[in-house]
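Reading the structure
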Amino acid sequence: MSTLDNIFRDLVIANRILAKEDVVDAYGHVSMRHPDNPNHFLIARSVAPELVGADDIVELDPRGQPVRDEKRTLYLERFIHAAIFEARPDVTAVVHAHAEDTLPFGIADATKLRPVIHSGSFIGSEVPVWDIADNFGDTNLLVTNIEQGRDLAKCLGGNNVAMMRGHGFAAAGRSLIEVVRMSVYLPRNARALIRAKQLGGRIRYLSQGEIDARNRGYSPYSTETWRAWEYWANKAGCGDMLRRPGE
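Throughout what follows, the structure given in this document is the object of discussion. Note that this is a predicted model, so its numbers are computed, not measured.

Some remarks on the layout of surface pockets
Of the voids in this model, the second largest pocket is the one considered here, and its volume is about 200 Å³. Surrounding the second largest pocket, 13 residues form its lining, Tyr27, Gly28, His29, Tyr75 and Leu76 being those nearest its centre. Taken together, the residues of the lining of the second largest pocket break down into seven nonpolar, five polar and one charged.

The structure is reproduced here in structure tokens:
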């Protein structure tokens, strides 16, 4: 099986996992940088993530346009992915989603979304909030062109996640497994923080040292990480598609 076939398969698995874990529903998407042309990226056509198959994957250029003749409808917000890949050479995979538990943190100024549970450490110590109205006025809140995507990417900066006011989040990772794991635990961390705020008293966020300690032990194909990927894939009904790198 070729490298490109492997990536198509992994993108299908990623879409199914994100859907099963309620990170995405009919909307939301995940992409990967093209292995042979790092200026291009791979993403599904406009279809609900749970329904994505290998035949749905398309190759897009740095401006989010298809590199081959493509008659099928594409995701409107593919420019989120194009702009983040352009701005961040270290990023291999991107997720955009609207997970409900994360949404309050893009709206309310009183509490910032920060890691409070160990599995939330990968979101990083800072999650900036991007407001499309700051530079584009009244819009439908969707990222519909590359200029808006670049503005979001600028807000994301070197961070792993950016909230999008009244909309959702964008997450960027060094591998597909990393960005999926981050996106799964982001709403879980958000729920824990919301409930802790309801209990009252001082919130004990993860320290920078604790975040760094978690990152030092991270590997996209470690036993710990693969265990989650394997579990989620089987739960999503696509465990038969799994293949460790090199197999």
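Examining the nonpolar core
Ranked by internal contacts, the top residues of the largest apolar core, which has 76 residues, are Ile84, Leu113, Phe169, Leu176, Val180 and Trp229. With ten residues, helix α5 (residues 176–199) is the single largest residue contributor to this core. Ignoring any residue separated from it by four or fewer positions in sequence, one finds Leu176 in contact with Asp10, Leu11, Ala14, Val30, Ser31, Met32, Ala93 and Trp229.

Side note on α5
Each α-helix winds once per 3.6 residues, and so residues spaced three or four apart point in a common direction. Taking 1.5 Å per residue, 24 residues should reach 34 Å; α5 reaches 35 Å between its end C-alpha atoms and fits that length. The positive-phi residue at the C-terminal boundary of α5 is Gly200, with phi of around 90°.

Topic: the environment of Ala228
The residue Ala228 is located in helix α7 (residues 223–235) in this model. Residue class for Ala228 comes out buried when judged on its relative accessible area of 15%. On a C-alpha basis, the gap between Ala228 and Arg181 in space is 8.0 Å, while along the polypeptide they are 47 residues apart.

Some words on the sheet that holds strand β6 (residues 161–164)
Spatial ordering of the open sheet is given by β3-β2-β1-β4-β7-β6-β5, a layout of seven strands whose pairing is mixed. The open sheet has two edge strands with one neighbour each: β3 (57–60) and β5 (129–130). Across four bridges, the pairing between strand β2 (residues 41–44) and β3 is antiparallel. When the sheet's bridge partners are listed, Ala44 is paired in β3 with Ile57. Across the sheet, helix α1 (residues 3–20) touches β1 (29–33), β2, β3 and β4 (93–97), and the angle it forms with β1 is around 155°. Against the sheet, α5 makes contact with β1, β4, β6 and β7 (168–173), and its axis sits at roughly 150° relative to β7, the strand it touches most.

Conventions used here
Residues numbered from 1 in each chain as written. Predicted model: local features only at pLDDT ≥ 70, side-chain atom pairs only at ≥ 80, totals over all residues. Heavy atoms only, no water. 1 Å grid on protein atoms, 1.4 Å probe; cavity = no way out; pocket = protein on both sides within 12 Å on 5 of 7 lines; lining within 4 Å. Points joined across faces, edges and corners; volume = space filled by probe spheres on them. Nonpolar A, V, L, I, M, F, W, Y, C, P; charged D, E, K, R; others polar. Core = buried A, V, L, I, M, F, W, Y, C linked by side-chain atoms within 4.5 Å. Buried < 20%, exposed > 50% of the residue type's maximum accessible area, 1.4 Å probe, protein only. Helix = DSSP H or I, 4+ residues; strand = E, 2+ residues; numbered from the N terminus. Contact = heavy atoms within 4.5 Å. Expected span 1.5 Å × (residues − 1). Pairing = 2+ DSSP bridges. Axes fitted to C-alpha atoms, helices over the stretch in contact; angles between N-to-C directions.

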